[in-house]
Amino acid sequence: MRAVVAVIGKDTVGILAKVSSICAECNANVMDVTQTIMQDLFAMTMLIDISSCSVDYNVLADKLKAAGSDMGLQIHVMHEDIFNSMHNI
Amino acid sequence: MFNSKDILETIKMIQEENLDIRTITMGISLLDCIDSDINKSCEKVYEKMMRVAEHHVETGEIIEKRYGIPIINKRLSVTPISMLAAAAKGSPVKFAKTLQRVAEGTGVNYIGGYSALVQKGFAAGDLELINSIPEALAETSNVCSSVNVGSTRAGINMDAVAIMGKIIKQSAEATADNHCFGAAKIVVFCNAVEDNPFMAGAFHGVGEADCVLNVGVSGPGVVRSALSKMPDANVSEIAEEIKKTAFKITRMGQLVGTEASKMLGVPFGIVDLSLAPTPAVGDSVAHILEEIGLESCGAHGTTAALAMLNDAVKKGGVMASSSVGGLSGAFIPVSEDAGMIDAVNCGSLSIEKLEAMTAVCSVGLDMIAVPGDTSADTISAIIADEAAIGMVNSKTTAVRVIPAIGMKEGDTLEFGGLFGSGPVMKLSKFSSSKFISRGGRIPAPLQSLKN
């Protein structure tokens, strides 16, 4: 099972490090990362493999969200299927 | 890997444009709960519903978390209770109270199906159920009622129309101290559909499987936002954009529906691809029409713009889902739509224009507050007009008007939450009593020589 982590907010030092270290702690493998700067906003999307994740999906999602609010960022964790179904025919 | 633009678009739709799954509604057949002893029948209903729907709310919450998409309502619909009332002796209100216990036990926010289908006549149980509606709705808070009074194949049962005017009035009076909310929980249909997941009109038709899961999507905000990016486009381009947006919204509904049905072990029924507004800013169907180019909803051109919108939503949605049903189209409730409320208050939207709009969209005169002194016959006449539009055009139409007891035109009836607030609308001052008191039936219309 794969999930998409989307990080949106003001660009600061260490965003990628922080997010990927949480993924590593939970044994979620980072498969791909893209990042863009839209105007002042930093937007990073990350595809992670959570099939051998050591914690429950909800726990990982909550951890990432909490880390996001600590850094003043919005972090959304969503199952990849929603993007597959909405954007592919 | 996904295109990050797509990912951000989805997140923006959910976060800023109020995209959500409006409801997942589990339809449950109660045909196997019929018993000649009403108490036994109620026990069977309670036992079956609690067993089948035990994990309904919890499953919805798991899916919300997994996909990051809000599911606003988790609901149940049941076989029209008039069929159970037909076999059992005693007040059908007992069934309403049983449904209320189920709502509290399962945590769902509404149960629909305190209903009767009387388009051609009254069978055993129908009149008993209809007459008990005001009491049932006043004594319960999470039970919804609907009555089908007409269809294209059967015509309109004018006796039922006459009764329903009185029932709506009584329902409002019985809940006068609670914003007349009883009347907001009852809807009168022509051509009612059997798989509608939306309240107050949801019921589980007898042609349906024992238990199915239906999904209602929403997303007026997403459509409006997409159109706001194309100020100079012509109408064909706008229709195309609406189709694309409806496609994406419906795909999400399809995904949630299939996932929930898998988790619950219940067959997936349909996606109802409706644009269902909420009073939240930016979640309005009226604002879409205004974005298309009308100064205020209700201006000349509104019916045409709405017809285009409604059709484009269906075309986009049909391709996105393997099974589309329910009411599918744009809803135009007044109290639940910030733009409609403004349009009524500024004088651009009248009940006559709303009636014309219902001829080209789903569903009907919805959530409209009318003066408290409106006679039952006038309400019946409104129902008859609306049912006639549905009957002749082979479409579903409905009436959900709320007589605002003690209020007059220009006042506002506050409901709160998703139900919003309804400006009390002006009605014709002239009487329809003679017509309504005649009773009988409007014969089914001819289906050829269409002019």
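Computed from a prediction, not measured in an experiment: that's the story for all the values here.

Draft legend 1. Quick look at the overall build of chain A. Scanning chain A for helices and strands turns up 3 helices and 4 strands. Of the regular secondary structure in chain A, the N- to C-terminal order runs β-α-β-β-α-β-α. By the compact-globule yardstick of 12 Å for 89 residues, chain A fits well, its C-alpha radius of gyration being 13 Å. If you line up chain A on its principal axes, its C-alpha atoms span 35 × 35 × 20 Å. A burial count over chain A gives 33% of its 89 residues as buried. The contacts in chain A between residues at least 6 apart in sequence include a share of 66% that link residues at least 24 apart.

Draft legend 2. Expanded view of the overall build of chain B. Counting secondary structure elements, chain B contains 15 helices and 13 strands. Its C-alpha atoms give chain B a radius of gyration of 21 Å, near enough to 22 Å, the size a compact globule of 451 residues would have. C-alpha extents for chain B along the principal axes are approximately 60 × 55 × 50 Å. Evaluated residue by residue, chain B yields a buried proportion of 59% over its 451 residues.

Draft legend 3. Layout of the interface of chain B and chain A. On the chain A side, the residues contacting the 18 residues of chain B number 21 residues. Every element with two or more residues in the side of chain B that touches chain A is listed here: helix 1 (4-15), helix 3 (56-67) and helix 9 (235-264) of chain B. Looking at side-chain class alone, the side of chain B that touches chain A contains 9 nonpolar, 4 polar and 5 charged residues.

Draft legend 4. Representation of the domain arrangement of chain B within the structure. Residue and element names in this part refer to chain B. We note that the domain assignment places domain 1 (25-190) and domain 2 (216-442) within chain B. Look at where the C-alpha atoms of domain 1 and domain 2 centre, and you get two points 22 Å apart. At the junction of the two partners, domain 1 supplies 39 residues and domain 2 supplies 43 residues. When residues of the side of domain 1 that touches domain 2 are traced back to their parent elements, those giving at least two are strand 1 (21-28), helix 3, strand 4 (143-151), strand 5 (155-157), helix 7 (158-174) and strand 6 (186-190). Grouping the amino acids of the side of domain 1 that touches domain 2 by side-chain chemistry returns 22 nonpolar, 13 polar and 4 charged.

Draft legend 5. Expanded view of the pairing of strand 2 (residues 71-78) of chain B. Residues and elements named next belong to chain B. Of all the 8 residues making up strand 2, 6 are buried; the element is thus mostly covered by neighbouring parts of the structure. Examined bridge by bridge, strand 1 and strand 2 share 7 bridges and lie parallel to one another. Following the sheet pairing, Ile 21 is matched in strand 2 by Ile 71.

Draft legend 6. Just the environment of Asp81(A), in detail. With respect to the helices and strands, the residue Asp81(A) is situated in helix 3 (residues 81-87). Each C-alpha atom of the pair Asp81(A) and Ser21(A) lies 24 Å from the other, and the pair is 60 residues apart in sequence.

Draft legend 7. Fine view of unusual backbone geometry. Residue and element names in this part refer to chain B. Between Met 199 and Ala 200 the backbone carries a cis peptide bond, its omega angle lying at 10 degrees. Along the chain, Ala 200 turns up in the loop between strand 6 and strand 7 (211-217). Each neighbour pair has its own omega, and for Ser 362 with Val 363 the value is 5 degrees, a cis peptide bond. By secondary structure assignment, the location of Val 363 is in the loop between helix 13 (351-358) and strand 9 (365-371).

Draft legend 8. A look at helix 7 of chain B. If you check helix 7 of chain B, its first and last C-alpha atoms are 24 Å apart, about what 17 residues at 1.5 Å a residue would give, namely 24 Å. Burial runs high along helix 7 of chain B: 14 of the 17 residues are buried.

Draft legend 9. Seen up close, the sheet that holds strand 2 (residues 29-38) of chain A. Residue and element names in this part refer to chain A. The sheet built from 4 strands is open, its strands ordered 2-3-1-4 with antiparallel pairing. Because the sheet does not close on itself, it has two edges, and the strands there are strand 2 and strand 4 (73-79). Pairs of neighbouring strands in the sheet enclose a mean axial angle of 15 degrees, with direction left out of account. Where strand 1 (residues 2-10) and strand 4 come together, 7 bridges link them in antiparallel fashion. The residue bridging Val 4 from the neighbouring strand is Met 78, located in strand 4.

Draft legend 10. Broad picture of the packing of helix 5 (residues 93-106) of chain B against helix 6 (residues 126-139) of chain B. Residues and elements named next belong to chain B. With their axes 9 Å apart at the nearest point, helix 5 and helix 6 run at an angle of 25 degrees to one another. Taken together, the axes of helix 5 and helix 6 lie roughly parallel to each other. Where helix 5 crosses over helix 6, the handedness of that crossing is right-handed. On the side of helix 5, the interface is formed by Val 93, Ala 96 and Lys 97, while helix 6 contributes Ser 132, Glu 135, Ala 136 and Glu 139.

Draft legend 11. Quick look at the confidence of the model for chain B. Residue and element names in this part refer to chain B. When the pLDDT values of chain B are averaged, the result is 94; 100% of them are 70 or greater. For chain B, per-element mean pLDDT is lowest for helix 1, which scores 87, and highest for strand 5, which scores 98. Reported for the predicted complex are a pTM of 0.92 and an ipTM of 0.87.

Draft legend 12. Broad picture of the pairing of strand 9 of chain B. All names here are of chain B. In terms of residue burial, strand 9 counts as a mostly covered element, since 6 of its 7 residues are buried. In terms of strand pairing, strand 9 meets strand 10 (residues 397-404) through 6 bridges, oriented parallel. Note that in strand 10 the partner of Asp 366 across the bridge is Arg 400. What joins strand 9 to strand 10 is helix 14 (residues 376-392), and the crossover it makes is right-handed.

Draft legend 13. Representation of the confidence of the model for chain A within the structure. Residues at a pLDDT of 70 or more form 100% of chain A, whose mean pLDDT is 89. In the model of chain A, strand 2 of chain A stands out as the element of lowest mean pLDDT, 87, in contrast to helix 1 (residues 15-25) of chain A, which has the highest, 92.

Draft legend 14. Structural view of helix 11 (residues 302-320) of chain B. Residues and elements named next belong to chain B. An ideal rise of 1.5 Å per residue puts 27 Å on 19 residues; helix 11 measures up with 27 Å between its terminal C-alpha atoms. By the burial criterion, the buried members of helix 11 are Thr 302, Ala 305, Leu 306, Leu 309, Asn 310, Ala 312, Val 313, Lys 314, Gly 316, Gly 317 and Ala 320. Buried positions along helix 11 lie against helix 9, strand 8 (268-273), helix 10 (285-292) and helix 13.

About the criteria used
- Residues numbered from 1 in each chain as written.
- Chains lettered and ligands numbered in written order.
- Predicted model: local features only at pLDDT ≥ 70, side-chain atom pairs only at ≥ 80, totals over all residues.
- Helix = DSSP H or I, 4+ residues; strand = E, 2+ residues; numbered from the N terminus.
- Rg over C-alpha atoms; globule rule 2.2 N^0.38 Å.
- Buried ≥ 20, exposed ≤ 12 C-beta atoms within 10 Å, placed from the backbone.
- Contact = placed C-beta atoms within 7 Å.
- Nonpolar A, V, L, I, M, F, W, Y, C, P; charged D, E, K, R; others polar.
- Domains from an automatic or database assignment.
- Pairing = 2+ DSSP bridges.
- Expected span 1.5 Å × (residues − 1).
- Axes fitted to C-alpha atoms, helices over the stretch in contact; angles between N-to-C directions.
- Parallel < 35°, antiparallel > 145°, perpendicular 65-115°, else oblique.
- Left-handed = near helix turned anticlockwise from the far one by under 90°.
- pLDDT = per-residue confidence, 0-100.
- Right-handed = clockwise from strand over helix to strand, strands pointing away.

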